[in-house]
Amino acid sequence: SQTIHQWPATLVQPVGSPLSLECTVEGTSNPNLYWYRQAAGRGLQLLFYSVGIGQISSEVPQNLSASRPQDRQFILSSKKLLLSDSGFYLCAWSGLHNEQFFGPGTRLTVL
Amino acid sequence: AQKVTQAQTEISVVEKEDVTLDCVYETRDTTYYLFWYKQPPSGELVFLIRRNSFDEQNEISGRYSWNFQKSTSSFNFTITASQVVDSAVYFCALRSIIQGAQKLVFGQGTRLTINP
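So, how was this worked out
- Residues numbered from 1 in each chain as written.
- Chains lettered and ligands numbered in written order.
- Predicted model: local features only at pLDDT ≥ 70, side-chain atom pairs only at ≥ 80, totals over all residues.
- Heavy atoms only, no water.
- Helix = DSSP H or I, 4+ residues; strand = E, 2+ residues; numbered from the N terminus.
- Buried < 20%, exposed > 50% of the residue type's maximum accessible area, 1.4 Å probe, protein only.
- Disulfide = S-S within 2.5 Å.

K.L.:
How would you summarise unusual backbone geometry if you had to cite specific residues and measurements?
P.N.:
With an omega dihedral of 0 degrees, the bond running from A:Trp7 to A:Pro8 counts as a cis peptide bond. Inspection of the secondary structure assignment puts A:Pro8 in the loop between strand E1 (3–7) and strand E2 (10–13). Its identity is not glycine, yet B:Lys16 carries a phi of approximately 85 degrees, on the positive side. Of note, B:Lys16 is situated in the loop between strand E2 (10–14) and strand E3 (19–21). The class of B:Lys16 is exposed, set by a relative accessible area of 69%. In this structure, B:Ala81 takes a positive phi of about 50 degrees despite not being glycine. Positionally, B:Ala81 belongs in the loop between strand E9 (74–79) and strand E10 (88–98).

Now the structure itself:
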């Protein structure tokens, strides 16, 4: 069966510090991968998606970047965090029947 | 444009009441997929159901049921005999294919609180 992992679960970082969030998927090959952000009490905003290794599409201009160094690994990064980067970050992969399955999320607080 | 509207921001009911969460969508696609997700306080989104546009049969899964009406572009979700554990934020979503990639367009979510 397929599983998706994210870490860390929570993170508190100062403004201006770098960021690296990791997502890995097990039990499937060549999945479409997604990064979402959810601000407190808000809906989900798609940040990046990837249809294959090294293929990244950005949905909105922002302070973040994404990379996919391996088939089942998706990384979200920033060189310098902003206060507005605080939120709940979710990674997802899309299955055979179009549904997306989400990881447990990372709660990021930028102080 | 693809759009999902969940007009109910918050709903609060007493345990054992039935509750319906509304979802209205807009799409120009002739074939499309709709989804419901549950987000409990832990934060992880849990997939509940997928429905494709050419299957209008309503579905029941235990206390959960879904009413898909193409004529009104709605995909409503009913919880029968609600329980405290049903408290969560529920999201309706529509699949779109943009630039060859599948994407989900989410509604803003409905926060459901079941009071004991």
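K.L.:
Just give me the short version of the state of the cysteines, but keep the residues and values in it.
P.N.:
Covalent bonding between the sulfur atoms of two cysteines defines a disulfide. Evaluation of the coordinates by the stated rule reveals two disulfides over all chains. Disulfide partner of A:Cys23: A:Cys91, at an S-S distance of 2.0 Å. Here the S-S torsion is close to -75 degrees, and the disulfide linking A:Cys23 with A:Cys91 is therefore left-handed. With a gap of 68 residues between them, A:Cys23 in strand E3 (residues 19–26) and A:Cys91 in strand E9 (residues 87–94) connect regions that are remote in the sequence. This pair shows no difference in class: A:Cys23 is buried, exactly as A:Cys91 is. Two residues, B:Cys23 and B:Cys92, share a disulfide whose sulfurs are 1.9 Å apart. What sets the handedness of the B:Cys23 and B:Cys92 disulfide is the S-S torsion sign, and at about -65 degrees it is left-handed. Note that B:Cys23 is positioned in the loop between E3 and strand E4 (24–26) and B:Cys92 in strand E10, a separation of 69 residues in sequence.

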